[in-house]
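Chain by chain, the residues:
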Amino acid sequence: MDRTKGIEAIKARQQPWDFVIIGGGATGLGCAVEAAARGYEPLLIEMHDFAKATSSRSTKLVHGGVRYLEQGNVSLVLEALDERGALQENAPHLVHPLSFVIPNYKWWEGPYYGIGMKVYDLLAGRQNFARSRHLNRQETLDRLPTIKPDGLRGGVQYYDGQFDDTRLAINMAQTAVEQGAKAVNYMKATGLTKTNGQVDGVVAECQETGTEFEIEARSVINATGIFTDTIRQMDDPDAPSTLRPSRGTHIVLDKSFLPGDSALMIPKTDDGRVLFAIPWHDRVVVGTTEAEVDEVSLEPRPNREELRFLIEHAKRYLVGDPGPEDVLSIFAGIRPLVAPADSAGSDTSEISREHQLNISESGLVTISGGKWTTYRKMAEDTIDEAVLDAELSRSPSNTRNLHLHGWHDHAEKFGDLSYYGSDALPLQDLMEECPELKEPLDERLPIRGAQVVWAARHEMARTVEDVLSRRTRCLLLDAEASIDVAPRVAELLAEERDLPSSWAETQVEAFAEVASNYLMPSTVSAVG
């Protein structure tokens, strides 16, 4: 995957692309894979880096949605469970079953949640990872050894899926390119072109050089998530807002606060949300909150109340009583929820996570809403509609069983490189060829010099942030350590890309500014 080749393809193109897809998050990348796998010629452009916004800030779960089941949205749960199974089959190096335990402190919780999980099992059918079961008090403590024991009666165990969201996004971009698509990050759509009132292309600006391109397309697909309405209003300045964005915040703790292989799940917190404490990359991710926001941004900041809420609940259930000083990183993502006309005044946690397709009078195809787990189905529906609108010859979807780049059935044998899947082998070769790239760059972080070089050569990483936030997950695992290691990463990137030391210095400053958003604010130190 080479950005330069993507730029060259845009310059050399003599005819319209079948699809120009705006947005390089889960949905846009899914559309690129879907279109290319069917034999169409798509171009995907992303204004920043792949999965920069919402798609890198999930709770790291591939799941049917227990909460949606309680809300009675069985169709969404069925669809998500089916897609969960497809994801595990197509990316087993990144998606795996995870045990969840719901602790029971009240007499009614065992039977109530037990029945709910049996229904969940039933809906999953053959795609079920394992059957749910009741746990006695000791079994619950065995699986959650740091859970508060006072008043604990037992628990309910069930299984769902876990993944690494941005690693999956990068593998999707690689898959799309391997299938024939072109994908370019740091290419911002600044306008739409029209002929006789119909959208027939995109005006885009390279964010590295300032070069502007007019790109023709038979169909333009708006898959920009939280920026959906921005693109819609390029098409029609009077287009009404369709989203009710909601911010979800997470904190990251050391694994010692929840050792073992099971996640803690609290079905209903004080704000009515499901709360998780999840083992992930030798850390524990605690989240998430639900806070409606008026404005969207690429770097949303958690507020003090959300952070207090998460720490308070972590203290409530974990014997280690984690405080602000124990938080290694914080991160927030904005959910692009599709707002129904009658949703005003309702809680955003009650808004469906189903996706919505819209084709404007001028032919702009917009896909919005949805969730990571169902990205493939969203893409299938989108390309189906876009093909019809563009009057292209129809080709059926074939992605249900399409292995994604990196597919490997036994990636666990690669140890801390397991999430690279089949790419772990050539990455290991690189370390053998260049032993100086083999050593960890910081003992607190799972990153080696070889991974920086690999990201630049094969994964279209352009900046220090790309490497530390998305090609590796260092920024989410330990923000302070990531700031400390940034100069070495910048040095390696500058050398690999043949850029001057002044570029590296600027990169370190830029990354430090972004990473400051991931540090626990000192103003939260008074949490009790």
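Report follows, based on the coordinates. (Residues numbered from 1 in each chain as written. Predicted model: local features only at pLDDT ≥ 70, side-chain atom pairs only at ≥ 80, totals over all residues. Heavy atoms only, no water.)

A look at the overall build of the protein chain
- Each helix and strand counted, the protein chain has 16 helices and 18 strands in total.
- Against the globule reference of 24 Å for 528 residues, the protein chain gives a C-alpha radius of gyration of 23 Å, in line with a compact fold.
- Structurally, the protein chain occupies a C-alpha span of about 70 × 55 × 45 Å along its principal axes.
- A total of 528 residues make up the protein chain; the buried ones form 60% of that total.
- Partitioning the contacts of the protein chain with sequence separation of at least 6, the portion at a separation of at least 24 is 72%.
- If you sum the accessible surface of the protein chain, you get close to 21,000 Å²; carbon and sulfur atoms cover 47% of it.
- Of the side chains in the protein chain, 54 bear a positive and 82 a negative charge, and the two mean positions are spaced by 5 Å. (Helix = DSSP H or I, 4+ residues; strand = E, 2+ residues; numbered from the N terminus. Rg over C-alpha atoms; globule rule 2.2 N^0.38 Å. Buried < 20%, exposed > 50% of the residue type's maximum accessible area, 1.4 Å probe, protein only. Contact = heavy atoms within 4.5 Å. Areas by Shrake-Rupley, 256 points an atom, 1.4 Å probe, with all protein chains shown as cover. Lys, Arg positive; Asp, Glu negative; His and termini not counted. Charge placed at Lys NZ, Arg CZ, Asp CG, Glu CD.)

Topic: the packing of helix α15 (residues 479–497) against helix α16 (residues 501–515)
- At their nearest, the axes of α15 and α16 sit 9 Å apart, and the two run at 150 degrees to each other. One finds that α15 runs roughly antiparallel with respect to α16. Our pair here, α15 against α16, has a crossing hand that is right-handed. Facing α15, whose interface residues are A479, S482, I483, A486, P487, A490, E491, L493, A494 and R497, α16 presents W503, A504, Q507, V508, F511 and A515.
- When the residues that make up the contact of α15 with α16 are grouped by side-chain class, the tally is twelve nonpolar, two polar and two charged. (Axes fitted to C-alpha atoms, helices over the stretch in contact; angles between N-to-C directions. Parallel < 35°, antiparallel > 145°, perpendicular 65-115°, else oblique. Left-handed = near helix turned anticlockwise from the far one by under 90°. Nonpolar A, V, L, I, M, F, W, Y, C, P; charged D, E, K, R; others polar.)

Here's the deal with the side chain of S329
- For S329, the position within the fold is in strand β16 (residues 329–335).
- Among the residues examined, S329 registers a relative accessible area of 0% and is labelled buried.
- Within the structure, the side chain of S329 is placed 2.9 Å from the backbone oxygen of L475, a separation counted as a polar contact.
- Ignoring anything within four residues of it in the chain, the contact list for S329 reads H250, I251, V252, L475, L476, D478, A479 and Y518. (Polar contact = N/O pair within 3.5 Å; in protein donor to acceptor, adjacent residues only side chain to side chain.)

With respect to helix α7 (residues 165–178)
- Its 14 residues give α7 an end-to-end C-alpha distance of 20 Å, which sits within 8% of 20 Å, the value for a rise of 1.5 Å per residue.
- Burial analysis of α7 places twelve of its 14 residues in the buried class, which makes it a mostly covered element.
- When α7 is considered as a whole, its buried residues turn out to be D165, T166, R167, L168, A169, I170, N171, M172, A173, Q174, T175 and A176.
- Buried residues along α7 sit in contact with α2 (26–37), α4 (74–90), α10 (375–390), α12 (449–458) and α13 (464–471).
- Among the residues of α7, the N-terminal cap falls to D164, whose side-chain oxygen and the backbone nitrogen of T166 are separated by 3.4 Å. (Expected span 1.5 Å × (residues − 1).)

Thoughts on the packing of aromatic side chains
- For the structure on display, the rule yields eleven aromatic pairs.
- Between W372 and Y375, the aromatic rings sit 5.9 Å apart at their centres with planes inclined by 80 degrees, giving edge-to-face as the arrangement. Accessibility assignment for this pair places W372 and Y375 in one class, buried.
- Grouping aromatic residues by their ring pairs yields a cluster made of F100, Y120, Y158 and F276.
- Just above the ring of W17 sits the side chain of R13; from NZ or CZ to the centre is 4.3 Å.
- Looking at K60, its charged tip hangs above the ring of W280, at a distance of 5.1 Å from the centre. (Phe/Tyr/Trp six-rings, centres within 6.5 Å; stacked < 30°, edge-to-face > 60°. Lys NZ or Arg CZ within 6 Å of the ring centre and 35° of its normal.)

Some remarks on unusual backbone geometry
- Geometrically, the link from G287 to T288 is a cis peptide bond, its omega value of 10 degrees lying close to zero.
- Although it is not a glycine, H281 adopts a positive phi angle of roughly 50 degrees.
- Its location among the elements puts H281 in the loop between β13 (275–280) and β14 (283–287).
- In this structure H281 comes out as partly exposed when scored by relative accessible area, which is 28%.
- For E391, which is not glycine, the phi dihedral falls at a positive 55 degrees.
- E391 sits in the exposed class, given a relative accessible area of 74%.

Observations regarding the environment of D142
- Locating D142 in the fold gives a position in helix α6 (residues 137–143).
- D142 sits 120 residues away from S262 along the chain, and the two C-alpha atoms are 9.7 Å apart.

So, the nonpolar core
- With 90 residues, the main nonpolar core has F19, F50, L168, I221, L468 and V489 as its most contacted residues.
- Ranked by residues supplied to this core, first place goes to α15 with nine residues.
- Membership of the second largest hydrophobic core comes to 27 residues, among which are F257, I266, V286 and F309. (Core = buried A, V, L, I, M, F, W, Y, C linked by side-chain atoms within 4.5 Å.)

Some remarks on the packing of α13 against α16
- At a closest axis distance of 8 Å, the pairing of α13 and α16 adopts a crossing angle of 40 degrees. If you check the angle between α13 and α16, you find them oblique. Within the contact between the two elements, α13 uses V464, E465 and L468 and α16 uses Q507, F511 and V514.
- Taken together, the residues of the contact of α13 with α16 break down into four nonpolar, one polar and one charged.

Here we look at the pattern of salt bridges
- Scanning the model with the defined rule gives 37 salt bridges in all.
- Here R376 ties to E83 by a salt bridge, and the two come within 2.9 Å at their closest N and O atoms. Linking R376 in helix α10 with E83 in helix α4, this pair joins segments that are 293 residues apart in sequence. Each member of the pair, R376 as well as E83, carries the same accessibility label: buried.
- Ionic pairing is found between E312 and R316, a salt bridge with its closest N-O pair at 2.6 Å. Within this pair, E312 and its partner R316 are both found in helix α9 (residues 304–317), separated by four residues, close to a single helical turn. (Salt bridge = Lys/Arg side-chain N within 4 Å of Asp/Glu carboxyl O.)

A word on a nonpolar patch on the surface
- A contiguous nonpolar surface patch, about 390 Å² in accessible area, is contributed by W107, W108 and Y112.
- With respect to the element layout, Y112 can be found in helix α5 (residues 109–124).
- Among the residues examined, Y112 registers a relative accessible area of 43% and is labelled partly exposed. (Patch = residues over 30% accessible without salt bridge, like charges linked within 9 Å, V, L, I, M, F, W, Y side chains within 5 Å.)

Note that every value here comes from positions in space, so none of it alone points to a role or purpose.
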